[in-house]
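# Structural overview
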Amino acid sequence: MNSILPKGVSKERFAAATGAMRKVVGDPWVILDENPLIAGYMDTYSAAPESSTAASAAVCPGSVEEVQEIVRIARQYRIPIWSISTGKNFAYGGPAPRTAGQVVLDLRRMNRVIEVNTDLGYAIVEPGVAYVDFYNYMKRHKLPYWIDCAANGMGGVMGNTLDHGVGYTAYGDHLLMQCGMEVVLSDGSLMRTGMGALPNGAASWPVYKYGYGPYIDGLFTQSNFGVVTKIGLWLMPEPPAFRPFMVQLQNEDDLYEVTEKLRPLKINMIIPNAAITVHLLWEASVYTTKHEWKTGSGPLPQRTLRQIAEKFNLGMWNFYAALYGLPEVVEANWQIVESTFRSIKGAKIYREADRKDDPSFNYRVRLMRGEPNLTEFSLMNWVGGGGHINFSPISPASGADAMKQFHMIRKACEKYGFDYIGEFVIGWREQHHILMLMFNRYDADESRRAHDCFAQLINDAAAEGYGEYRTNLHFMDQIAGTYNANDGALLRMQRRIKHALDPAGILSPGKNGIWPLGESPETNS
Amino acid sequence: MMRRVAIVMLSILPLAVGVSAAQAGDAARGQQVFDTRCVFCHGEGLGHPAWQLLALKKGKDKAEIVGRSDLTPAYIKQVVRNGYIEMPPFRASEISNADLDALADYITHPGAASDAKP
């Protein structure tokens, strides 16, 4: 018998519900907590104990029709179901549900690329398509488009898009490039957004986002208003020329100048891709680990950072971007870009041929041309033990904001005994600052400090007017609570929508702080 | 008429075909699983995090797991399903039990995959 049950659900009700689900998806695809396979639904990287988000069961439908049936059963029996696609959003919770006992609705088996249209440059995919599979599909069929992937090449095309994830090509803002969505609502009905609502609208569905009336695709991202079963996404044509480059910056204060010089290049689309400014240790982890430089805990001192930079020919900051397009255009833009960054004192500029055998440069180049890899996971070797959570505040793309956040976050990291390992991903006018908070999750004290550091950072950032774009399961409520202008008007509206669309409160309760009416973090703890 | 390519409704991971010997077929299939699910971390050289860690802890001769004589199929399957320190677990919905068997065959006997190739 299950040792974990959803909150407030009797064992009899749970057994009846999972029994009904078995009839829909087949015995092997309802995994109860007595089955060793349930281990695959643990969040193995967070600072909190795995038990705090242990699923009572997982259900793995293989089709949209099965998803509809499962949702109907969950509603009938009032069973909370937590949707995942590939379940690889590590640092944010992976495949685990928000609270212990929720049933994971695992959509990984729905892994088809439904269509790739080579005239219009779009694809329609199911939830279980991973970047690596999508990439291989495009290569296998020799399709003249690139994909845009997150740094985790095992991650899901749809899941990353719905969680507002980013990549590194000119199509790096994934939600911006999403067009058309199919959603199962909490009553089991099926809805298509935009032009897909026309009975014969399939041809325009993936090419025109807005349809007629309110534009609603965004409601189904970072939310729990429905279960998304298909999305359309636009694909970047393979460019005739591609010129990636690196600007190595010698001083931490150079962050200000590189950000200021980059902004006009981004706004004017001279640099079209999601450019990144990466701190030393992020890149150094590809070559080395902390234990090679320091015994005991605590952050590395500046003199050691200098030694690491020198040994591996890295900067204190390392900026990466790429130019794409016709060779003549790329060459013309290169003249602008090179002269702009050359003017930063001490800056060294490298092109692909300059760092052929450099694994850190190579993985950045691969990401900027949409080739999935997992080199960034080298970070997990930095302290060992695998623990990592990402703190990700947004700010305007300005040097002053970058410096302010860098100092604020490093100060907190050092207070709690951690290295600052961060990067800035610069979109069009904003920047995502990503702190990779690395800790040994087998060390209870270190895990607790990581958790406390993260919680403090949320408050520190909010006090300065910064909010996070995405977060780990354990901090969803705290961050939702910082978006509290006008007496929490935004969250109150989200909860009203939740109640209207999912009155039984069965779909991913607690996602991004959106709880069903009458529920709260406290009632679910 | 608009050229709508593609390759509608295909499952992502193609099945290995044209192999007659069952074991060789399994290993070839196993190699395919390795190349799509494992190689990013367990490929050879820096840039592959698991190789990097194993090289540090066990030496470069044991950093590449394919063909290592000290790994048993049962151990490989246990690690894949449960994860191990920094490696996440893989669910049955992403690596089926049959694929996991084939993967374990390939890692322990990679020569069989070569035998399967024409």
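We now turn to the structure provided with this report. These numbers were taken from a predicted model, which means no experiment stands behind them.

Moving on: the pairing of strand 4 (residues 103-106) of chain A. When a strand is regular, its side chains alternate between the sheet's two faces. Residue and element names in this part refer to chain A. Here strand 4 shows two buried faces, one formed by Val-103 and Leu-105 and the other by Val-104 and Asp-106. Relative to strand 4, strand 2 (residues 57-59) runs parallel, the two sharing three bridges. For Val-59, the partnering residue across the bridge sits in strand 4 and is Leu-105. Two elements, strand 3 (residues 81-84) and strand 4, share four bridges in a ladder whose sense is parallel. Of the residues in strand 4, the one forming a bridge with Trp-82 is Val-104.

Residue and element names in this part refer to chain A. Across all of its chains, the model carries 20 aromatic pairs over all chains by this definition. For the ring pair Phe-245 and Trp-334, a centre distance of 5.2 Å and an interplane angle of 70° mean the geometry is edge-to-face. With Phe-245 in strand 12 (residues 241-249) and Trp-334 in helix 8 (residues 327-342), this pair connects stretches of sequence that are 89 residues apart. Accessibility classification places Phe-245 together with Trp-334 in one group, the buried group.

Going through the model one piece at a time under the given rule, you end up with 36 salt bridges over all chains. Shared partners join several salt bridges into a network, and the residues in it are Lys-88 and Asp-106 of chain A together with Arg-91 and Glu-94 of chain B.

Before going further, it helps to examine the layout of surface pockets. Looking at the largest pocket, its volume works out to about 1,000 Å³. Of all the elements in the fold, those that place two or more residues in the lining of the largest pocket are strand 18 (422-426), strand 19 (430-440), helix 12 (476-482) and helix 13 (485-501) of chain A. Per-element tally for the lining of the largest pocket: the top contributor is helix 13 of chain A, with five residues. Together, 35 residues line the second largest pocket, and His-42, Ala-50, Val-79, Tyr-84 and Met-87 of chain B are the ones closest to its centre. Elements represented by at least two residues in the lining of the second largest pocket include exactly helix 1 (22-42), helix 2 (49-58), helix 3 (73-82) and helix 4 (97-108) of chain B. Element by element, the count of residues in the lining of the second largest pocket is highest for helix 2 of chain B, at six residues.

Residue and element names in this part refer to chain B. One can find Pro-73 in helix 3. Distance from Pro-73 to Ser-96, taken between C-alpha atoms, is 15 Å for residues 23 residues apart in sequence. Pro-73 has contacts with Ala-104 and Thr-108, leaving out every residue within four places of it along the chain.

Quick look at the sheet that holds strand 4 of chain A now. Residues and elements named next belong to chain A. Spatially, the four strands line up as an open sheet ordered 1-2-4-3, and their pairing is mixed. The open sheet is flanked by strand 1 (30-32) and strand 3, the only strands paired with a single partner. Looking at each pair of strands side by side, their axes are set apart by 20° on average, direction ignored. The sheet contacts of helix 1 (residues 11-25) involve strand 1, strand 2 and strand 4, and relative to strand 1 the element is tilted by about 150°.

Residue and element names in this part refer to chain A. For helix 5 (residues 254-267), with 14 residues, the first-to-last C-alpha span of 20 Å sits near the 20 Å given by 1.5 Å per residue. Here helix 5 has its buried residues at Asp-254, Leu-255, Val-258, Thr-259, Leu-262, Leu-265 and Lys-266. Phi for Met-269, located one or two positions after helix 5, is positive at around 60°.

Attention shifts here to the nonpolar core. Residue and element names in this part refer to chain A. Grouped together as the largest cluster of nonpolar side chains are 104 residues, with contacts concentrated most on Val-125, Phe-134 and Met-138. Those residues in contact with Met-138 that sit more than four places away from it in its chain are Val-116, Leu-143, Tyr-145, Ile-147 and Leu-235. In this structure, Phe-245, Phe-406, Met-408 and Tyr-466 belong to the second largest nonpolar core, which totals 51 residues.

Here we come to the packing of helix 10 (residues 399-415) of chain A against helix 11 (residues 444-463) of chain A. Residues and elements named next belong to chain A. Where helix 10 meets helix 11, the axes come as close as 10 Å, and the angle between the chain directions of the two elements is 155°. Relative to helix 11, the element helix 10 is oriented roughly antiparallel. The hand of the helix 10/helix 11 crossing is right-handed. The residues of helix 11 that touch helix 10, namely those facing Met-408, Ile-409, Ala-412, Cys-413 and Lys-415, are Cys-453, Gln-456, Leu-457, Asp-460 and Ala-461. When its residues are assigned to classes, the contact of helix 10 with helix 11 shows seven nonpolar, one polar and two charged.

Reading the values: the criteria
- Residues numbered from 1 in each chain as written.
- Chains lettered and ligands numbered in written order.
- Predicted model: local features only at pLDDT ≥ 70, side-chain atom pairs only at ≥ 80, totals over all residues.
- Heavy atoms only, no water.
- Buried < 20%, exposed > 50% of the residue type's maximum accessible area, 1.4 Å probe, protein only.
- Helix = DSSP H or I, 4+ residues; strand = E, 2+ residues; numbered from the N terminus.
- Pairing = 2+ DSSP bridges.
- Phe/Tyr/Trp six-rings, centres within 6.5 Å; stacked < 30°, edge-to-face > 60°.
- Salt bridge = Lys/Arg side-chain N within 4 Å of Asp/Glu carboxyl O.
- 1 Å grid on protein atoms, 1.4 Å probe; cavity = no way out; pocket = protein on both sides within 12 Å on 5 of 7 lines; lining within 4 Å.
- Points joined across faces, edges and corners; volume = space filled by probe spheres on them.
- Contact = heavy atoms within 4.5 Å.
- Axes fitted to C-alpha atoms, helices over the stretch in contact; angles between N-to-C directions.
- Expected span 1.5 Å × (residues − 1).
- Core = buried A, V, L, I, M, F, W, Y, C linked by side-chain atoms within 4.5 Å.
- Parallel < 35°, antiparallel > 145°, perpendicular 65-115°, else oblique.
- Left-handed = near helix turned anticlockwise from the far one by under 90°.
- Nonpolar A, V, L, I, M, F, W, Y, C, P; charged D, E, K, R; others polar.

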